[in-house]
Number of protein chains: 2
Amino acid sequence: MLITRLSTLSDNFARTLRALLAFDASQDESIERATADILRHVQEQGDQAVLDYTKRFDRVSAPSVAALEIERGEWLAALDALPTDQRKALETAAERVRTYHAHQRAETWTYTEADGTVLGQKITPLDRVGLYVPGGKAAYPSSVLMNAIPAKVAGVPEVIMVTPTPDGIRNPMVLAAAAIGGVDRVWGIGGAQAVGALAYGTQTLSPVDKIVGPGNAYVAAAKRRVFGTVGIDMIAGPSEILIICDGTTPADWIAMDLFSQAEHDELAQSILLCPDAGYLDEVEAAITRLLPSMPRADIIRSSLANRGALILVQSLDEACAIANDIAPEHLEISTENPDTWAEKIRHAGAIFLGRYSSEALGDYCAGPNHVLPTSRTARFSSPLGVYDFQKRSSLIHVSQAGAQTLGRVAATLAYGEGLQAHAASAEYRLNSTESKS
Amino acid sequence: MLITRLSTLSDNFARTLRALLAFDASQDESIERATADILRHVQEQGDQAVLDYTKRFDRVSAPSVAALEIERGEWLAALDALPTDQRKALETAAERVRTYHAHQRAETWTYTEADGTVLGQKITPLDRVGLYVPGGKAAYPSSVLMNAIPAKVAGVPEVIMVTPTPDGIRNPMVLAAAAIGGVDRVWGIGGAQAVGALAYGTQTLSPVDKIVGPGNAYVAAAKRRVFGTVGIDMIAGPSEILIICDGTTPADWIAMDLFSQAEHDELAQSILLCPDAGYLDEVEAAITRLLPSMPRADIIRSSLANRGALILVQSLDEACAIANDIAPEHLEISTENPDTWAEKIRHAGAIFLGRYSSEALGDYCAGPNHVLPTSRTARFSSPLGVYDFQKRSSLIHVSQAGAQTLGRVAATLAYGEGLQAHAASAEYRLNSTESKS
């Protein structure tokens, strides 16, 4: 089977769709145990544990963790060595990502009440952020930009990148992206040991406050375990696209958009909703025709067969309702007047409107972040953004007059909850002068 | 020993402070296993599991989960039965919390580029939120307000409260707070089984998108386990206050502020930083004198002895540096010109400025939320707020002209990453008309 065909009118549609969306996120016990061991060793032994694991897993021997730092000179050399078009593309993408994310910056605010009491919210950036970047073939320079730039826009003074260099091989595109993205320092370490070093600190590395960026199952397990000691970003599931199409977009375009998601890996999910059965036939034919020409055809074929679907809906309204239920990571609304339908969407990581807004543009350079909530978590979470690197502190400056009214309210509620010291603390400020007692 | 006395000049100060702050957050294996069992049963059996556990743990037998709903009429009766001053205090607190949180509401924004491309961020509220409220003596009506109001200000249509009713006893203050806070429905269920019912849904309860609110170790373990299926708020550690005082605030006030934190429980932490050794003596004398009069003296004594400290600092500047290292949940700056010192603070859940801003006012009615990051997590996280009940979706509407420039950039980067379907998807939009291919 090339790809599942479904209709919302079939008896078991809801159950079939739920089965198609299901994804086993259960954690592998052996990975959990190995990760716990690695983290404990890093916490106890610091640098030496990092050196030992780096030798064992990446086959890189170094006399010290300091020797594993990749100096800025090497990033700049990598940047200079890039083909001009690649360098220009990375710089254009970075500039667009920076411009978009600047809109997300929150500012401190306060307001003053009639009695002089001032309330507000102070915004501060995190001090230090760790950015994990995978090595080898999953090393994406675009990910470096998408993670580093929001942190720098937020005002984070130190963004520390870690990336494994198996057999000593360093990825020049990733180093070039670090230079463009404003990363402050780079270390050639990876795996759970790098996560541990960032979270707990070692003799050489200072601990960070938050760790972001994608990684393999060990990295994900390590991030989950250090959460609380540091902040983490989301643990991503497989990538997904849901396309709502009215049947007027070239079928080849839609087929290729489905491919662009499916080519990530076998678990990636590509689903098309359309009220026109004939158009679904056209897209299926385009898939058949275009698939053999794709370099990653095997991955695409497997992803479409196991997790893809072309779904006949009764109307675009119904398509929007299904989209809200799925809460997709990427939603393309490839229709006339896409705004009309976008208004009905409550849950999606990113919404691509109109037939020219292919997901690939958003993945690289439109401006919004490509780190998005997967596996239905867009019901309650958001794209990675500047807000992930800023935090808020409440500001409460109660005036002497304000303490008279608020103190009585607080004391009444505190007595009601049986917290007499709370009540007394409020009452001490009643009818008092500022003089020392 | 009443309370530890420290000086930043002593040789081992940093180590001693670190030991004082340390808190063992390790998870109890037996609680973990029991919670996993309860959640699995609720997921498999739904209503019947909820009924069984409610009978077993709360000694409440009901013919159906529907029979465990606490109807609105009962909340309103509880509200009417409140003493006037308590009702007024709750209503004043709710109104102030609502006003403050309205400032946190984010709005959808877009901007249009020269070529007609529109980028933006759409803000939507969560659909359904579950609010856990503990039963028995830890049932705080102020918590109901602090959790429910931000959700309603965010525009969440359904806030579902669950609260255990051991032996069938319902807490009228909590029900009255539900009425004032705008809660939509209340169920008399609790424990890990209530968390499971909210996360997975049962035959009677629809699943929610996020679960917030405090609870015991089983509730915390259950929230950690359902995270990913639903969103959760922070898992709070013991409550903390750090006070920076210049020595001009009445010593009794500061002693009582330390008590108000210490009375929560034996693990609560109260620390005072002051550059005036004589003032620290005064506060210690005030503690000795006032402690016997406190109804919760035993808890306060134990909390101060084990986790409290009066610390002599060399300057208020040094005090601010220590505060940034501790990243306290509550920070009181009880000095002249507190704004000067607040500017130096980078990490704190809530900052109380000036001698009239006792933490108790913020706990109940100043307006800002009293659910705050504990255990140094203010380095990377924020008070509970409206932003926890809204989420963002990126908006990307690329014009035909925009697709020409962005498509080339995206294709270059996609080829660089070996993702040819991404490149083709972008290239299909180059130099094309809108007509169907």
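In this text, all values refer to a predicted model and were calculated from it rather than measured experimentally. (Residues numbered from 1 in each chain as written. Chains lettered and ligands numbered in written order. Predicted model: local features only at pLDDT ≥ 70, side-chain atom pairs only at ≥ 80, totals over all residues. Heavy atoms only, no water.)

How should I be thinking about the packing of aromatic side chains in this particular structure?
Within this structure, the stated rule accounts for 10 aromatic pairs over all chains. Ring centres of tyrosine 100 of chain A and tryptophan 109 of chain B lie 5.2 Å apart, and the angle between their planes is 45°; this geometry places the pair in the tilted category. Residue tyrosine 100 of chain A is found in helix H5 (residues 84-102), and its partner tryptophan 109 of chain B is found in strand S3 (residues 109-112); the two belong to separate chains. Using a relative accessible area of 0% as the deciding quantity, one classes tyrosine 100 of chain A as buried. Seen from their ring centres, tryptophan 109 of chain B and tyrosine 111 of chain B are 6.2 Å apart, and the 20° between their planes marks the pair as stacked. (Phe/Tyr/Trp six-rings, centres within 6.5 Å; stacked < 30°, edge-to-face > 60°. Helix = DSSP H or I, 4+ residues; strand = E, 2+ residues; numbered from the N terminus. Buried < 20%, exposed > 50% of the residue type's maximum accessible area, 1.4 Å probe, protein only.)

Help me understand the interface of chain B and chain A in this model?
You'll often see interface size given as the accessible area lost when the parts meet. Facing 124 residues of chain B, the contacting portion of chain A comprises 124 residues. Across the chain B to chain A interface the summed buried area is about 10600 Å²; carbon plus sulfur atoms make up 58%. Linking chain B with chain A are 8 salt bridges, by the criterion used here. One salt bridge in this structure joins glutamate 113 of chain B and arginine 96 of chain A, with 2.7 Å as the shortest N-O distance. At the surface where chain B touches chain A, the tally comes to 64 residue pairs in polar contact (both at pLDDT 80 or more). By residue number, the principal contributor to the side of chain B that touches chain A is helix H16 (residues 400-416) of chain B, which donates 10 residues. Here the residues of the side of chain B that touches chain A sort into 57 nonpolar, 42 polar and 25 charged. One ladder, built from 3 bridges, connects strand S15 (residues 390-397) of chain A with strand S14 (residues 350-353) of chain B; its direction is parallel. Note on S14 of chain B: the bridge partner recorded for serine 394 of chain A is alanine 350 of chain B. (Contact = heavy atoms within 4.5 Å. Buried area = accessible area lost by both parts, 1.4 Å probe. Salt bridge = Lys/Arg side-chain N within 4 Å of Asp/Glu carboxyl O. Polar contact = N/O pair within 3.5 Å; in protein donor to acceptor, adjacent residues only side chain to side chain. Nonpolar A, V, L, I, M, F, W, Y, C, P; charged D, E, K, R; others polar. Pairing = 2+ DSSP bridges.)

Whenever I open this one, the pairing of strand S12 (residues 309-312) of chain B confuses me. Can you help?
Regular strands place their side chains on alternate faces of the sheet. All names here are of chain B. Judged from the 4 bridges that link them, strand S1 (residues 4-7) and S12 form a sheet pairing that is parallel. The residue of S12 that forms the bridge with serine 7 is leucine 312. Where strand S11 (residues 269-274) lies against S12, 4 bridges are found, and the strand directions are parallel. Residue pairing in the sheet places cysteine 274 in a bridge with leucine 312 of S12.

How do you make sense of the packing of helix H2 (residues 29-45) of chain B against helix H9 (residues 217-226) of chain B when you look at a structure like this?
Relative orientation and spacing of two packed helices are given, respectively, by the angle between their axes and the distance between those axes. Residues and elements named next belong to chain B. Here H2 crosses H9 at 60°, and the two axes come no closer than 9 Å. You can see that H2 and H9 cross each other, and the crossing is right-handed. Facing Ile31, Glu32, Ala34, Thr35, Ala36 and Leu39 of H2, the residues of H9 in contact are Ala217, Tyr218, Ala221, Ala222, Arg224, Arg225 and Val226. Its residues assigned to classes, the contact of H2 with H9 shows 9 nonpolar, 1 polar and 3 charged. (Axes fitted to C-alpha atoms, helices over the stretch in contact; angles between N-to-C directions. Left-handed = near helix turned anticlockwise from the far one by under 90°.)

Can you walk me through the domain arrangement of chain A in this structure?
Once the domains are mapped, chain A shows domain 1 (4-23 + 237-366), domain 2 (28-232) and domain 3 (398-428). On a C-alpha basis, the centres of domain 1 of chain A and domain 3 of chain A stand 57 Å from each other. (Domains from an automatic or database assignment.)

Looking at this model, I keep getting lost on the state of the cysteines. Mind explaining?
In a disulfide, the sulfur atoms of two cysteines are held together by a covalent bond. Using the criterion set out here, one finds 0 disulfides over all chains in the structure. Here cysteine 320 of chain A stays free of any disulfide, with the sulfur of cysteine 245 of chain A as its closest cysteine sulfur at 13 Å. (Disulfide = S-S within 2.5 Å.)

Is there a simple way to explain the pairing of strand S3 (residues 109-112) of chain A in this structure?
All names here are of chain A. Residues of S3 alternate between two faces, with Trp109 and Tyr111 buried on one and Thr110 and Thr112 left unburied on the opposite face. With 4 bridges connecting them, S3 and strand S4 (residues 118-125) associate as antiparallel partners. Bridged to threonine 112 within S4 is valine 118. Count of turn residues in the S3/S4 antiparallel hairpin: 5 residues, of which glycine 116 carries a positive phi of about 95°.

Please explain the packing of helix H4 (residues 72-81) of chain A against helix H7 (residues 172-181) of chain A as it appears in this structure.
Residues and elements named next belong to chain A. Running from amino to carboxyl end, H4 crosses H7 at an angle of 105°, the nearest separation of the two axes being 8 Å. With respect to H7, the element H4 is oriented roughly perpendicular. Contacts between H4 and H7 pair Glu74, Trp75, Leu76, Ala78 and Leu79 from the former with Pro172, Leu175, Ala176, Ala178, Ala179 and Ile180 from the latter. When its residues are assigned to classes, the contact of H4 with H7 shows 10 nonpolar, no polar and 1 charged. (Parallel < 35°, antiparallel > 145°, perpendicular 65-115°, else oblique.)

So what exactly am I meant to see when it comes to the sheet that holds S11 of chain B here?
In a beta sheet, neighbouring strands pair by backbone hydrogen bonds and run either parallel or antiparallel. Read from one edge of the open sheet, 9 strands run S3(A)-S4(A)-S15(A)-S14(B)-S13(B)-S10(B)-S11(B)-S12(B)-S1(B), paired in mixed fashion. Of all strands in the sheet, those bounded by a partner on one side alone are S3 of chain A together with S1 of chain B. Geometrically, the sheet is characterised by an average inter-axis angle of 20° between neighbouring strands, direction not taken into account. Two strands pair when backbone bridges link them, and S4 of chain A and S15 of chain A are joined in this way by 8 bridges, in the antiparallel orientation. Within S15 of chain A, the residue paired with isoleucine 123 of chain A across the bridge is arginine 392 of chain A. Helix H11 (residues 277-290) of chain B rests against S1, strand S10 (240-245), S11 and S12 of chain B of the sheet, and its axis sits at about 165° to S12 of chain B. Contacts from helix H12 (residues 297-307) of chain B reach S1, S11 and S12 of chain B within the one sheet, and its direction differs from that of S11 of chain B by about 60°.

I'm lost on helix H16 (residues 400-416) of chain A in this one. Help?
Along an α-helix, residues three or four positions apart point the same way, because every turn accommodates 3.6 residues. If you check H16 of chain A, its first and last C-alpha atoms are 24 Å apart, about what 17 residues at 1.5 Å a residue would give, namely 24 Å. Taking the largest bend as the criterion, H16 of chain A deviates by roughly 30°, centred on leucine 406 of chain A. Burial in H16 of chain A covers these residues: Gly402, Ala403, Gln404, Leu406, Gly407, Val409, Ala410, Ala411, Thr412, Leu413 and Ala414 of chain A. Residues of H16 of chain A that are buried sit in contact with helix H17 (420-427) of chain A together with helix H5 (84-102) and helix H15 (359-364) of chain B. Where H16 of chain A ends, the next residue or the one after it, glycine 418 of chain A, has phi of about 75°, a positive value. (Expected span 1.5 Å × (residues − 1). Bend = angle between axes of the 7 residues up to and from the residue.)

Explanation requested: the UniProt feature "active site" (unreviewed entry) in chain A in the structure shown.
All names here are of chain A. In the numbering used here, UniProt assigns the "active site" (unreviewed entry) feature to Glu329 and His330. Within the secondary structure, glutamate 329 sits in the loop between helix H13 (316-326) and strand S13 (330-334). Take glutamate 329: its relative accessible area is 5%, and that puts it in the buried class. Once residues within four sequence positions are removed from consideration, glutamate 329 is found in contact with Pro238, Ser239, Glu240, Gly349, Ala350, His370, Leu372, Pro373 and Thr374. Engagement of the side chain of glutamate 329 in a polar contact is seen with the backbone nitrogen of glutamate 240, the distance being 2.9 Å. (UniProt positions renumbered as here; feature names shortened; annotations may be inferred.)

Honestly, the UniProt feature "binding site: NAD(+)" (unreviewed entry) in chain A in this entry has me stumped. Any pointers?
Residues and elements named next belong to chain A. Here, UniProt's "binding site: NAD(+)" (unreviewed entry) annotation points to Tyr132, Gln193 and Asn216. For this annotated set, covering 85 residues, all C-alpha atoms fall within 12.7 Å of each other, a compact arrangement in space. Following the sequence through the fold, glutamine 193 ends up in helix H8 (residues 191-200). A residue is classified by how much of its surface remains accessible, and glutamine 193, at 2% relative accessible area, is buried. Those residues in contact with glutamine 193, other than ones at most four positions away along the chain, are Ile38, Val42, Val50, Tyr53, Thr54 and Phe57. On the basis of relative accessible area, asparagine 216 is assigned to the partly exposed category, the value being 46%.

Could you clarify how one ought to interpret the sheet that holds S13 of chain A in this entry?
Spatially, the 9 strands line up as an open sheet ordered S1(A)-S12(A)-S11(A)-S10(A)-S13(A)-S14(A)-S15(B)-S4(B)-S3(B), and their pairing is mixed. Every other strand in the sheet has two partners, leaving strand S1 (4-7) of chain A together with S3 of chain B as the edge strands with one partner each. The average undirected angle you get between the axes of adjacent strands in this sheet is 20°. Its contacts with the sheet place helix H11 (residues 277-290) of chain A against S1, strand S10 (240-245), strand S11 (269-274) and strand S12 (309-312) of chain A, and it is angled at close to 165° to S12 of chain A.

Explanation requested: the pattern of salt bridges in the structure shown.
Two side chains carrying opposite charge are able to pair once their charged atoms lie near each other. By the definition in use, this model includes 48 salt bridges over all chains. The salt bridge partner of aspartate 209 of chain A is arginine 379 of chain B, with a shortest N-O separation of 2.7 Å. Here aspartate 209 of chain A is found in the loop between H8 and strand S8 (210-212), whereas its partner arginine 379 of chain B is found in the loop between H15 and strand S15 (390-397) on a different chain. Both residues of the pair, aspartate 209 of chain A and arginine 379 of chain B, belong to the buried class. When salt bridges with common partners are traced through the structure, they connect Arg5, Asp281 and Glu284 of chain A into a single cluster.

Sorry, what's going on with the relation of the copies chain B and chain A here?
For the pair of chain copies, the relating transformation is a rotation about an axis with a translation along it. For the pair chain B and chain A, the relating rotation is 180°, the translation along its axis is 0.0 Å, and the fit reaches an RMSD of 0.0 Å. The two molecules are tied by a two-fold rotation axis, judged by turn and shift. Of the residues that chain B buries at the interface, 100% are likewise interface residues in chain A, meaning the two copies contact each other through the same surface. (Least-squares fit on C-alpha atoms with pLDDT ≥ 70 in both.)

What exactly am I supposed to notice about the layout of surface pockets here?
Over the atoms, a rolling probe the size of a water molecule traces out where space has been left empty. Put simply, the second largest pocket is a space of about 410 Å³. Looking at the second largest pocket, it is lined by 23 residues, and the ones nearest its centre are Ala106 and Arg392 of chain A together with Gln104, Ala106 and Arg392 of chain B. Classifying every residue of the lining of the second largest pocket by side-chain character gives 8 nonpolar, 8 polar and 7 charged. (1 Å grid on protein atoms, 1.4 Å probe; cavity = no way out; pocket = protein on both sides within 12 Å on 5 of 7 lines; lining within 4 Å. Points joined across faces, edges and corners; volume = space filled by probe spheres on them.)

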